[in-house]
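# Notes for the structure review
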Amino acid sequence: MADDKVKMQSMAGMNEERILASDVFESGSRNLPPPNGKGTITEDAREIDIYHQCDVVVVGGGPAGCAAAWAAAKAGADVTLVERYNCLGGLSTGGLVMWIDRMTGWDGQLVIQGFAREFIERMPPEGIAGPPREDWGAREESKVTYWRNRTTAMHGIVQWAPTLDPERMKLNAQEMLLEAGVRIVFHAWAARPLVEDNTTKGVIFESKAGRNALLAKVVVDTTGDGDMFARCGADYHTDIETKDPHHSMNTAWVLGGVNMDRWIDWKENHPDELRELMARGREALGFFQTPYVSWRPDIGLFLGPRQSGLSALDVDDMTEVEIRSHRLMQGHCEFFRKHAPGFENAYMLQSASQLGVRHTRRLAGCARIERGDWEKPDPVGDEVGVSPSINPKYPLVSVPYGSLLPRQLDGLLVGGRHISCDANSHGFMREIPQCWLTGHAAGVGAALAADQGILPRDVDVDAIRKVLRQQGAFLHDDAAVKAMRSDQVPAQ
């Protein structure tokens, strides 16, 4: 395993996520001393009970895992999903990242469909905040100004980037998977994969009942951090730009009792006072962030401050982020209540139960989404998904099946933020809609491999595309994809 040595190109202005440099800060003095452990111990060997056997086991119930489990079950597979928390949705629910970023192309066309579209269409109207369908792609100044302050207008164009009620998302995902026939295992942490002859055969998980084995024909790693493929010994990349907000961590929180419409009106019409407020906030708290809208006007969302120089693979670093974030939640609540219009009656409503991790590992796959591909108008030959681009000057991004496949390891597919891509492309491929997209493709690939008794890398891409279309996914024209096959077939 070696870090990717290619220097990450600048991502300035990449998606107008309204991130200020002051929102990202490096680790400084620590709140806890380092651990004092030394040496090793030997763990006793033991027999492990087999909990269940199935066609496909999906590890991780975040956006990618939900899409993968649903898609595989819809394709006829016997599916089990293992989730360490008490709900589905991952960062979109437990992490309070309820802003679902861009799902449309710059012309307003809905690109992220399939599982994602059905998921949102099943949400109750009161659990969704976002522009009406007729405004997708709009460039009128009045509409752009309104929706820009509500996280759904970028580069002067209104987008479908809804904010959703996290509690309704939990229930929605749960019911979709149960209806599809997925076995859900909550409160279970997948400890390691089972591997024979370089092929995964299932996973071992820990719960209150102890250690159990779950056997499967195909494993789908949707942990977000590549826990399963890393523990199998598959190659991966970890290169980042430490100053880049796309690779920082935080615990999100929400404040209740606020008036976000009043706050937005004030900050839009009093820019000098806003700058003064932010300067006072930084002086008082050290690190400062302004709020985002939520699905309700009386709840404000804080997705930061973002902390760099810390690793989501280090338990002490993760603990440090949590300590700082909870203190900052209290500090922000008190400061905004005293000084910010619309926050006079604010109170601490909830902090996220899941740490806001943006990057740890990225698979070294059979194919890779790279910065140099952004300007290419043609789809890849093994396309299994299409993503919106990060800027209106770029065409839609074609996602290869090879980006979900390890180079050597068999019996395993990946979906979510740890797919095979370079550090630049990870900045948008890690977002929730893209996790839905890649999870959906991985689930279909896994179901077909299990059904045919073959390795995931041997599944015919045209067969995957056919099922994806049947499940409502958006793909480029088949003829255009097949025309690219001569140069872009993934490595076998």
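Details of the structure are given in the entry above.
What you see is a predicted model, and the numbers here were worked out from it, not measured in a lab.

### Structural notes on the overall build of the protein chain
Within the protein chain, the secondary structure is distributed over 13 helices and 23 strands. Here the C-alpha radius of gyration of the protein chain, 22 Å, is about what a compact globule of 492 residues would show, namely 23 Å. Expressed as lengths along the three principal axes of its C-alpha atoms, the size of the protein chain is roughly 65 × 60 × 45 Å. The buried share of the protein chain, reckoned over its 492 residues, is 59%. For the protein chain, long-range pairs separated by at least 24 residues make up 75% of all intrachain contacts whose partners lie at least 6 apart in sequence. Positive and negative charge centroids in the protein chain, built from 53 and 67 side chains respectively, lie 2 Å apart.

### What about the side chain of aspartate 135?
Within the secondary structure, aspartate 135 is located in the loop between strand S4 (128-129) and helix H3 (141-148). Once residues lying within four places of it in the same chain are set aside, the contact partners of aspartate 135 are Lys143, Trp147 and Val158.

### Here's the deal with the pairing of strand S11 (residues 210-221)
Two faces make up the sheet, and in a regular strand the side chains alternate between them. Here strand S2 (residues 49-59) pairs with S11 via nine bridges, running parallel. Residue pairing across strands places valine 59 opposite aspartate 221, the latter belonging to S11. In the sheet, strand S10 (residues 199-207) pairs with S11 via six bridges, with the strands oriented antiparallel. Each residue of the ladder has a partner; that of glycine 202, found in S11, is leucine 215. The hairpin turn running from S10 into S11, its antiparallel successor, is two residues long. Across three bridges, the pairing between S11 and strand S23 (residues 412-414) is parallel. Opposite aspartate 221, over in S23, you have valine 414 as the bridge partner.

### Points about the packing of helix H6 (residues 260-269) against helix H7 (residues 271-285)
If you want to describe how two helices pack, look at the angle between their axes and the distance between the axes. The geometry of H6 relative to H7 is characterised by a closest axis approach of 5 Å and an angle of 105° between their N-to-C directions. Classified by the angle between their axes, H6 and H7 sit roughly perpendicular to one another. Contact residues: Trp263, Trp266, Lys267, Glu268 and Asn269 in H6; Pro271, Glu273, Leu274 and Leu277 in H7. For the contact of H6 with H7, the per-class residue count stands at five nonpolar, one polar and three charged.

### With respect to helix H11 (residues 461-470)
Among the residues of H11, Val461, Ile464, Arg465, Val467 and Leu468 are the ones counted as buried. Viewed along the axis of H11, the buried residues span an arc of 165°, placing them on a single side of the element. With respect to the buried face of H11, the exposed residues turned more than 90 degrees away are Lys466 and Gln470.

### Considering the environment of cysteine 54
Mapped onto the elements of the fold, cysteine 54 is located in strand S2. When its relative accessible area of 7% is taken as the criterion, cysteine 54 is described as buried. Note: C-alpha distance between cysteine 54 and proline 34 (20 residues apart in sequence) is 42 Å.

### Thoughts on the sheet that holds strand S14 (residues 253-256)
The four strands lie next to each other as S15-S16-S14-S18, forming an open sheet whose pairing is antiparallel. With one partner strand each, in any of the chains shown, strand S15 (292-293) and strand S18 (347-351) form the two edges of the open sheet. Where S14 lies against S18, four bridges are found, and the strand directions are antiparallel. Opposite leucine 255, over in S18, you have methionine 348 as the bridge partner. Contacts from helix H8 (residues 315-339) reach S14, strand S16 (299-302) and S18, with the element oriented near 150° to S18.

### Comments concerning the pattern of salt bridges
A pair can form between side chains of opposite charge whenever their charged atoms are brought close. Enumeration according to the criterion identifies 28 salt bridges in this entry. Residue arginine 122 is joined to glutamate 179 by a salt bridge in which the shortest nitrogen-to-oxygen separation is 3.0 Å. Residue arginine 122 is located in the loop between helix H2 (115-121) and S4, and its partner glutamate 179 is located in helix H4 (residues 166-180); the two are separated by 57 residues in the primary sequence. Arginine 417 is the salt-bridge partner of aspartate 225, the closest N and O atoms lying 2.8 Å from each other. Highlighted residues: aspartate 225 in the loop between S11 and helix H5 (227-231) and arginine 417 in the loop between S23 and helix H9 (423-429), separated in sequence by 192 residues. On the basis of relative accessibility, which here comes to 13%, the residue arginine 417 falls in the buried class. A single salt-bridge network, built from bridges that share partners, covers Arg30, Asp317, Glu320 and Arg324.

Reading guide: rules and limits
- Residues numbered from 1 in each chain as written.
- Predicted model: local features only at pLDDT ≥ 70, side-chain atom pairs only at ≥ 80, totals over all residues.
- Heavy atoms only, no water.
- Helix = DSSP H or I, 4+ residues; strand = E, 2+ residues; numbered from the N terminus.
- Rg over C-alpha atoms; globule rule 2.2 N^0.38 Å.
- Buried < 20%, exposed > 50% of the residue type's maximum accessible area, 1.4 Å probe, protein only.
- Contact = heavy atoms within 4.5 Å.
- Lys, Arg positive; Asp, Glu negative; His and termini not counted.
- Charge placed at Lys NZ, Arg CZ, Asp CG, Glu CD.
- Pairing = 2+ DSSP bridges.
- Axes fitted to C-alpha atoms, helices over the stretch in contact; angles between N-to-C directions.
- Parallel < 35°, antiparallel > 145°, perpendicular 65-115°, else oblique.
- Nonpolar A, V, L, I, M, F, W, Y, C, P; charged D, E, K, R; others polar.
- Arc of directions from axis to C-beta.
- Salt bridge = Lys/Arg side-chain N within 4 Å of Asp/Glu carboxyl O.

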